[in-house]
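Structural overview for review
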Amino acid sequence: MAPPLLPTDVQDLWVYLSASPLFHLTLTLAAFVLAQALSRRFGGSPLLNPVLLTVVMVVLVLLATGTDYRTYFQGAQFVHFLLGPVTVALAIPLYRQRAMLLRYALPLVASLLIGSATAVLSAVITVRLLGGRADTVSSMAPKSITAAVAMGVSEQIGGLPSLTAVLVMMTGIFGAVAAPSLLRLCGITDPAAVGLAIGTASHGIGTARALQLGETCGAFSGLAMGLNAVATALLLPVLWHLALSIL
């Protein structure tokens, strides 16, 4: 007699499911859907950011089941693959706002350069003041750009790419949660300015939040995210090694 296609024991069932690549993909998507429902249920509170809630729920499941990240990523890597198409799709709101982008080209470039420099310097100075090691400083410096670029930059300047990935995620989540309220407290309400600030400081996760605030805000955030990544990737390694040679 042929063995049953599905295990009957609960423990065997878990082993069967955890070995399936679709399980961790389904877990990620289900957690995000639940996180969105919770966020809407409580009026879209910044503290209930869907990305933050999803991360917490997935981590709790992985800890409870003793699943390591490598095993999880084998199943959930399709979500990672979609980061590319999603980033390219940001060109749509950018195209729709092209007239405004051209009108504000000069202040936009100036703001991006100042914001990029501020993001790096604030991170480096903070870690130094707290007594961080040199590799920690290098890992922290590119925290405000998207993870794939930040990890490469971190490696070039002597940082730890894995630590950089965590810092990038924390920066994005904090920006998505706190940036809109902080900007309002500072009297900054113009959608273009809000989007530019969020995208420069909080990359993709912040941009996802900016898109919820409006198309103009999302368009400027997406532009800031992309240009900040390019500027940091090109300038930070050069300036970093130049500073080391001088010091």
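Quantities reported herein were computed from a predicted structural model and do not represent experimental measurements.

**Things to note about the nonpolar core**
- Judged by nonpolar contacts, the single largest core of 16 residues is most densely connected at Val124, Ala141, Leu236 and Trp240.
- Taken together, the elements giving at least two residues each to this core come down to α8 (105-129), α9 (134-140), α10 (147-156), α11 (161-185) and α13 (215-246).
- Broken down by element, this core gets its largest block of residues, four residues, from α8.
- Once residues lying within four places of it in the same chain are set aside, the contact partners of Ala141 are Val120, Ala123, Val124, Ile157, Leu236 and Trp240.
- Ranked by size, the runner-up nonpolar core spans ten residues in total, among them Leu94, Ala192, Phe220 and Leu223.

**Things to note about helix α3 (residues 50-65)**
- Between its terminal C-alpha atoms α3 stretches 22 Å, which fits the 22 Å expected from 16 residues at 1.5 Å a residue.
- Considered for burial, the residues of α3 that qualify are Pro50, Leu53, Thr54, Val58 and Leu62. Buried residues of α3, seen end-on, are gathered within an arc of 160° and therefore sit on one face of the element. Exposed and facing more than 90 degrees away from the buried side of α3 are Leu60, Leu63 and Ala64.
- Where α3 ends, the next residue or the one after it, Gly66, has phi of about 65°, a positive value.

**Topic: the packing of aromatic side chains**
- On inspection of all chains with the given rule, the structure shows zero aromatic pairs.
- Positioned over the ring face of Phe42 is Arg41, at 5.6 Å from the centre of the ring.

**Thoughts on the UniProt feature "transmembrane region" (unreviewed entry) in the protein chain**
- Taken from the UniProt record, the annotation "transmembrane region" (unreviewed entry) applies to residues 13-35, 47-66, 72-92, 104-130, 163-185, 192-211 and 223-244.
- Within the segment residues 47-66, helix and strand shares are 80% and 0% respectively, and the terminal C-alpha atoms sit 28 Å apart.
- The annotated region residues 104-130 carries 93% helix and 0% strand content, and the separation between its end C-alpha atoms amounts to 38 Å.

**A word on α10**
- Among all positions of α10, only Ala150, Val153 and Ser154 are buried. Taken down its axis, α10 places every buried residue within 100° of arc, on the same side. In α10, the exposed positions angled more than 90 degrees off the buried face are occupied by Ala148 and Glu155.
- Positioned one or two residues after α10, Gly158 has a phi angle of 90°, which is positive.

**Quick notes on unusual backbone geometry**
- Positioned with a positive phi, His203 is a non-glycine residue whose angle comes to about 40°.
- Secondary-structure assignment places His203 in helix α12 (residues 191-213).
- Here His203 falls in the buried class, since its relative accessible area comes to 4%.

**Details of the packing of α10 against α11**
- Running from N to C, α10 and α11 cross one another at 140°; their axes reach a closest spacing of 8 Å. Regarding the angle of α10 to α11, the classification is oblique. Judged by the twist between their axes, the crossing of α10 over α11 is right-handed. Together, Ala147, Ala150, Met151, Ser154 and Glu155 of α10 and Pro161, Thr164, Ala165 and Val168 of α11 make up the contact between the two elements.
- Its residues assigned to classes, the contact of α10 with α11 comprises six nonpolar, two polar and one charged.

**Some words on the pattern of salt bridges**
- Considering all chains together, one arrives at one salt bridge under this definition.
- When the shortest N-O distance is used, the salt bridge between Asp135 and Arg133 registers 3.0 Å.
- In this structure Arg133 comes out as exposed when scored by relative accessible area, which is 55%.

**A look at the packing of α11 against α12**
- At a minimum axis distance of 8 Å, the contact between α11 and α12 shows a crossing angle of 80°. For the element pair α11 / α12, the angle class is roughly perpendicular. Seen from α11, the contacting residues are Val168, Met169, Thr171, Gly172, Ile173, Gly175, Ala176, Ala179, Pro180 and Leu183; seen from α12, they are Val194, Ala197, Ile198, Ala201, Ser202, His203, Ile205, Gly206, Arg209 and Leu213.
- Here the contact of α11 with α12 is composed, by residue class, of 13 nonpolar, six polar and one charged.

Calculation criteria
Residues numbered from 1 in each chain as written. Predicted model: local features only at pLDDT ≥ 70, side-chain atom pairs only at ≥ 80, totals over all residues. Heavy atoms only, no water. Core = buried A, V, L, I, M, F, W, Y, C linked by side-chain atoms within 4.5 Å. Buried < 20%, exposed > 50% of the residue type's maximum accessible area, 1.4 Å probe, protein only. Helix = DSSP H or I, 4+ residues; strand = E, 2+ residues; numbered from the N terminus. Contact = heavy atoms within 4.5 Å. Expected span 1.5 Å × (residues − 1). Arc of directions from axis to C-beta. Phe/Tyr/Trp six-rings, centres within 6.5 Å; stacked < 30°, edge-to-face > 60°. Lys NZ or Arg CZ within 6 Å of the ring centre and 35° of its normal. UniProt positions renumbered as here; feature names shortened; annotations may be inferred. Axes fitted to C-alpha atoms, helices over the stretch in contact; angles between N-to-C directions. Parallel < 35°, antiparallel > 145°, perpendicular 65-115°, else oblique. Left-handed = near helix turned anticlockwise from the far one by under 90°. Nonpolar A, V, L, I, M, F, W, Y, C, P; charged D, E, K, R; others polar. Salt bridge = Lys/Arg side-chain N within 4 Å of Asp/Glu carboxyl O.

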